[in-house]
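What follows is each chain in one-letter form.
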Amino acid sequence: MILTDLLSDTLTRPTLAMRQAMAEAEVGDDVFGEDPTVNALEKRVADLLGHEAGLFTPTGSMANQLALRLHVAPGAEMVCDSLAHVVRAELGAAAALAGITSRTWTAPRGLLDASQPLELMITGAGVYQVNTSLVVVENTHNFGGGTVQPIDQIRHLRRGTQAAGVAMHLDGARLWNAHVASGVALRDHGAEFDTVSVCLSKGLGAPAGSVLVGTAAAMAEARIWRKRYGGGMRQAGILAAAGLHALDHHLDRLADDHARARRAAEAFAEAAPGCIDPASVETNIVVLDLTDTHWSAAHLVVEAAAAAGVRGYAVARQAVRLVWHLDVDDAATDHAIDVLTGLLRPA
């Protein structure tokens, strides 16, 4: 029986109060733009990020893919880091659905160094090379271990891309975590990007949904592509109400997830020095590096932990990801610490 589920923050379940808000939501047909609760959510998120308009989508992957479709013509190029969700965890959708090519740079922990994408970009290549249309930045960085991107590097990158005529998209699935951890205002993040996607169904605890923001014209075009991609929903206000409730009640509490993840990381580092640097745990994700431990493969640790009631995710051959969220309290964190420190200590 799983007692502490750290597989992902997508596992969060709606609270009773959130369910009540969903049950009482005023609804309409969102395909026609007539759902008042969806409209309210889209406006609120756009305002928070300093953009003209928003578009509610069923998933974060769809929000990202709509943004890529807006910015990159078939055959043109986006660039991102090699661990980015848009190239690692969206099943090749950019290529399969939009004919987009991609190149990547290597970023330890997913941490942005603006000089890397600026050096990688190619513009004005004519008919001889693929031109870069878009740079994608992920904040926080999932597979990097919840890394918060430095706002100074984002601004440096923005100055360079604007000069080159290259657009920027922020995959902000966990931007809420970056905001809480860094204190940088959501609007300050939003100001540096042409489009931003944010997720409601991770740390915020809604059952589904993301919002893409940008100019009013861009969101009008994205609405058409959302329908083409099969993402038009009817009485979606039931889901949007959960997002509004989450923004009202679950944003500030993300700091609790961050504190629990850091406390666990400190215990893991003591049990197996070198498996994690606690100082690198800025938000709610801990990635354990098993290279210098007695474990030969991550899946073996995952299986042993699950047998003791703790679930994690093998993100690489020698790496295990653990994600704190709304449904993991102090007692569950203590349990995870007990189980995993026992497994990590030298045999």
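Residues numbered from 1 in each chain as written. Predicted model: local features only at pLDDT ≥ 70, side-chain atom pairs only at ≥ 80, totals over all residues. Heavy atoms only, no water.

A. Representation of the overall build of the protein within the structure. Within the protein, the regular secondary structure consists of 14 helices and twelve strands. For 347 residues, the compact-globule estimate of 2.2 N^0.38 gives 20 Å, and the C-alpha radius of gyration of the protein, at 20 Å, lies within 12% of that figure. Its C-alpha atoms put the protein at 60 × 55 × 35 Å along the principal axes. Expressed as a percentage of its 347 residues, the buried residues of the protein come to 56%. Look at the contacts in the protein between residues 6 or more apart in sequence, and 75% of them connect residues 24 or more apart. Here the protein displays about 14000 Å² of accessible surface, and carbon together with sulfur accounts for 54% of that area. Charge centroids of the protein, computed over 27 positive and 39 negative side chains, lie 4 Å from each other. (Helix = DSSP H or I, 4+ residues; strand = E, 2+ residues; numbered from the N terminus. Rg over C-alpha atoms; globule rule 2.2 N^0.38 Å. Buried < 20%, exposed > 50% of the residue type's maximum accessible area, 1.4 Å probe, protein only. Contact = heavy atoms within 4.5 Å. Areas by Shrake-Rupley, 256 points an atom, 1.4 Å probe, with all protein chains shown as cover. Lys, Arg positive; Asp, Glu negative; His and termini not counted. Charge placed at Lys NZ, Arg CZ, Asp CG, Glu CD.)

B. The arrangement of the pattern of salt bridges in detail. The final tally for this structure, using the stated rule, is 17 salt bridges. A salt bridge links Arg253 to Asp257; its shortest N-O distance comes to 2.5 Å. As far as the burial class goes, Arg253 and Asp257 line up, both buried. If you follow the salt bridges from partner to partner, you end up with Asp30, Glu42, Arg223 and Arg226 in one network. (Salt bridge = Lys/Arg side-chain N within 4 Å of Asp/Glu carboxyl O.)

C. Structural context of the packing of helix 2 (residues 36–49) against helix 11 (residues 237–249). Across the interface, helix 2 lies against helix 11 with an axial gap of 8 Å and an inter-helix angle of 35°. Between helix 2 and helix 11 lies a crossing whose hand is left-handed. Within the contact between the two elements, helix 2 uses Thr37, Val38, Ala40, Leu41, Arg44, Val45 and Leu48 and helix 11 uses Gly237, Ala240, Ala241, Gly243, Leu244, Leu247 and Asp248. Considered class by class, the residues forming the contact of helix 2 with helix 11 number nine nonpolar, three polar and two charged. (Axes fitted to C-alpha atoms, helices over the stretch in contact; angles between N-to-C directions. Left-handed = near helix turned anticlockwise from the far one by under 90°. Nonpolar A, V, L, I, M, F, W, Y, C, P; charged D, E, K, R; others polar.)

D. Main features of the packing of aromatic side chains. The tally for this structure, following the rule as stated, stands at one aromatic pair. Above the plane of the ring of Phe143 lies Arg88, whose end atom (NZ or CZ) is 4.3 Å from the centre. Here the guanidinium or amino end of Arg228 rests over the ring plane of Trp225, the centre of that ring lying 4.5 Å away. (Phe/Tyr/Trp six-rings, centres within 6.5 Å; stacked < 30°, edge-to-face > 60°. Lys NZ or Arg CZ within 6 Å of the ring centre and 35° of its normal.)

E. Broad picture of the layout of surface pockets. In this structure, the largest pocket encloses a volume near 420 Å³. The wall of the largest pocket is formed by 27 residues, among which Ser8, Thr10, His85, Arg174 and Lys202 lie closest to the centre. At three residues, the largest contribution of residues to the lining of the largest pocket is made by helix 3 (residues 60–71). Here the lining of the largest pocket is composed, by residue class, of nine nonpolar, twelve polar and six charged. (1 Å grid on protein atoms, 1.4 Å probe; cavity = no way out; pocket = protein on both sides within 12 Å on 5 of 7 lines; lining within 4 Å. Points joined across faces, edges and corners; volume = space filled by probe spheres on them.)

F. View of the nonpolar core. In this structure, Leu41, Val135 and Trp176 are the most contacted members of the largest nonpolar core, which totals 46 residues. Apart from the residues lying within four places of it in its own chain, the contact partners of Leu41 are Phe56, Leu200, Val211, Ala240, Gly243, Leu244 and Leu247. Formed by 32 residues, the second largest nonpolar core is a distinct cluster that contains Leu6, Ala271, Val286 and Val310. (Core = buried A, V, L, I, M, F, W, Y, C linked by side-chain atoms within 4.5 Å.)

G. Structural detail: empty space enclosed by the protein. Enumeration over the complete set of coordinates arrives at one cavity of 30 Å³ or more. Surrounding the largest cavity, Asp81, Trp105, Ala107, Gly110, Leu111, Leu112, Val137, Glu138, His141 and Gln149 form its lining. Counted by class, the lining of the largest cavity contains five nonpolar, three polar and two charged residues.

H. Main features of the state of the cysteines. Scanning the model with the defined rule gives zero disulfides in all. Of all cysteine sulfurs, the one in Cys199 lies closest to Cys80, which takes part in no disulfide; the gap is 18 Å. (Disulfide = S-S within 2.5 Å.)

I. Fine view of unusual backbone geometry. Following Asn139, the chain continues into Thr140 via a peptide bond in cis, with omega recorded as -5°. Among the secondary structure elements, Thr140 is positioned in the loop between strand 5 (132–138) and helix 7 (151–164).

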